[in-house]
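What follows is the residue order along each chain.
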Amino acid sequence: MNSRLKLVMKSGKAILGYKACIRSLRSSKGKLILVASNCPPLRKSEIEYYAMLAKTQVHHYNGDNIALGTACGKFFTCSTVTILDQGDSDILAISTEE
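Note that this is a predicted model, so its numbers are computed, not measured.

Novice: Whenever I open this one, the state of the cysteines confuses me. Can you help?
Specialist: Simply put, disulfide is the name for a covalent bond between the sulfur atoms of two cysteines. Scanning the model with the defined rule gives zero disulfides in all. The closest cysteine sulfur to the non-disulfide-bonded cysteine 39 is located on cysteine 21, 8.8 Å from its own sulfur. Classification of cysteine 39 by relative accessible area gives buried; the value is 6%. With no disulfide of its own, cysteine 72 lies 5.5 Å from the sulfur of cysteine 78, the closest cysteine sulfur.

Novice: What is the right way to read a nonpolar patch on the surface from this model?
Specialist: A grouping of Tyr49, Met52 and Leu53 is seen on the molecular surface, where their side chains present a nonpolar patch of about 340 Å² in accessible area. Along the chain, tyrosine 49 turns up in helix H3 (residues 41-54).

Novice: It is not clear to me how the pairing of strand S2 (residues 32-35) should be interpreted in this structure. Could you clarify?
Specialist: In summary, the side chains of a regular strand alternate between the two faces of the sheet. Side-chain alternation along S2 places Leu32 and Leu34 on one buried face and Ile33 and Val35 on a second face that is also buried. Where S2 lies against strand S3 (residues 57-60), four bridges are found, and the strand directions are parallel. Across the sheet, residue leucine 32 finds its bridge partner in S3, namely glutamine 57. Tracing the backbone out of S2, into H3 and back to the parallel element S3 gives a crossover that is right-handed. Two strands pair when backbone bridges link them, and S2 and strand S4 (residues 80-85) are joined in this way by four bridges, in the antiparallel orientation. Considered in S4, the bridge of leucine 32 is made with isoleucine 83.

Novice: How should I be thinking about H3 in this particular structure?
Specialist: Since one α-helical turn is 3.6 residues long, residues separated by three or four positions face the same way. An ideal rise of 1.5 Å per residue puts 20 Å on 14 residues; H3 measures up with 20 Å between its terminal C-alpha atoms. Where the residues of H3 are buried, they touch helix H2 (18-26), S2, S3 and S4. Phi turns positive one or two residues past the end of H3, at lysine 55, with a value near 55°.

Novice: I tried to follow the environment of aspartate 64 on my own but got confused; where do I start?
Specialist: Considering the arrangement of structural elements, one finds aspartate 64 in the loop between S3 and helix H4 (65-71). The partly exposed category is assigned to aspartate 64, whose relative accessible area is 30%. Taking C-alpha positions, aspartate 64 is 17 Å from arginine 4, a pair spaced 60 residues apart along the chain. Non-local contacts of aspartate 64, meaning those with residues more than four positions away in its chain, are made with Ala36, Ser37 and Asn38. A polar contact of 3.2 Å, which involves the side chain of aspartate 64, links it to the backbone nitrogen of alanine 67.

Definitions and limits used
Residues numbered from 1 in each chain as written. Predicted model: local features only at pLDDT ≥ 70, side-chain atom pairs only at ≥ 80, totals over all residues. Heavy atoms only, no water. Disulfide = S-S within 2.5 Å. Buried < 20%, exposed > 50% of the residue type's maximum accessible area, 1.4 Å probe, protein only. Patch = residues over 30% accessible without salt bridge, like charges linked within 9 Å, V, L, I, M, F, W, Y side chains within 5 Å. Areas by Shrake-Rupley, 256 points an atom, 1.4 Å probe, with all protein chains shown as cover. Salt bridge = Lys/Arg side-chain N within 4 Å of Asp/Glu carboxyl O. Helix = DSSP H or I, 4+ residues; strand = E, 2+ residues; numbered from the N terminus. Pairing = 2+ DSSP bridges. Right-handed = clockwise from strand over helix to strand, strands pointing away. Expected span 1.5 Å × (residues − 1). Contact = heavy atoms within 4.5 Å. Polar contact = N/O pair within 3.5 Å; in protein donor to acceptor, adjacent residues only side chain to side chain.

Structure (C-alpha cells):
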C-alpha cells in the first residue's frame, strides 16, 4: 500500500487532512479515503457516514497517523488522505480487493 500511495502522491492528485477530506466528500470529488488507525472514533464514523452518502470507498490504513504521513512523503502527521486522481497507480483497484 505504501508504494502505491507514494506513486499517487507523485503522479496523481491527493489531499491530506480531515477538513479537506470532509470538503471533498461533500462535493463528491474523492475516490478513496485512507484513514489512520489512531484517528478518533467520532471522526472516523463521520468520515464513513459522508463516504457512504458520496458512494466513496474508505480504507482503514494499518499504520498510525505518523506512518500515514511518512508514506505520503511528508514530515508531519496526517490522519486522513483523500485520493482525487490515482494517476499511474492502481490503488483504487487494489483497495476494492481487500
